[in-house]
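# Coordinate analysis (summary)
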Amino acid sequence: MYKNILLASDGSAHAERAAQQAVRLAALYQGKVTVLFVAGSSKSKEDLTEVGKEVRLTKERLKGTEEFLMASKISYELEFISGEPGPSIVNFVNDNAFDILVIGSRGLNGLQEMILGSVSHKVVKRTKCPVLIVK
């Protein structure tokens, strides 16, 4: 049923808990987990430098998630894309054949979330596949 699982992660505590649920689903259905991280959008060379720094920082933050995935002995891959998180995740999910999206209920930037709304809320309204939001 859930063989092709997308885990949207930013390395936060909620994302770590989402990773645990994605692994449980993958183990249950002999599925594969794709871990997606979205770096900020880039329009200039300076922005590209910032995105590169953000990707390096996130790779560090995702190290625990990747170690957890390796230890679980499930099939997984990492994907890094650039853009605004909500719409980028929606586009990635809808452009690929995922059976379910697993995402944490809150990310790393609480201030932006209070002002702009949560990424998980934006994503759940626009994706074509089921979404599991993990607290």
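In what follows, the structure referred to is the one given above.
Report on the accompanying structure. (Residues numbered from 1 in each chain as written. Predicted model: local features only at pLDDT ≥ 70, side-chain atom pairs only at ≥ 80, totals over all residues. Heavy atoms only, no water.)

### Let's talk about the pattern of salt bridges
Side-chain pairing between opposite charges can occur once the charged atoms of the two side chains come close. Taken as a whole and assessed by the stated rule, the structure comprises two salt bridges. Between K32 and E77 there is a salt bridge, with its nearest N and O atoms 3.4 Å apart. One end of the pair, K32, is in strand β2 (residues 32-39); the other, E77, is in strand β3 (residues 75-82), with 45 residues separating them in the sequence. A residue is classified by how much of its surface remains accessible, and K32, at 30% relative accessible area, is partly exposed. Judged by its relative accessible area of 30%, E77 is partly exposed. One salt bridge in this structure joins K63 and E60, with 3.4 Å as the shortest N-O distance. E60 gets classed as exposed once you look at its relative accessible area, which sits at 51%. (Salt bridge = Lys/Arg side-chain N within 4 Å of Asp/Glu carboxyl O. Helix = DSSP H or I, 4+ residues; strand = E, 2+ residues; numbered from the N terminus. Buried < 20%, exposed > 50% of the residue type's maximum accessible area, 1.4 Å probe, protein only.)

### Brief notes about helix α4 (residues 85-95)
Among the residues of α4, G86, S88, I89, V90, F92 and V93 are the ones counted as buried. Turning to α4, the residues buried within the fold contact β1 (4-8), β2, β3, β4 (100-104) and α6 (119-126). (Contact = heavy atoms within 4.5 Å.)

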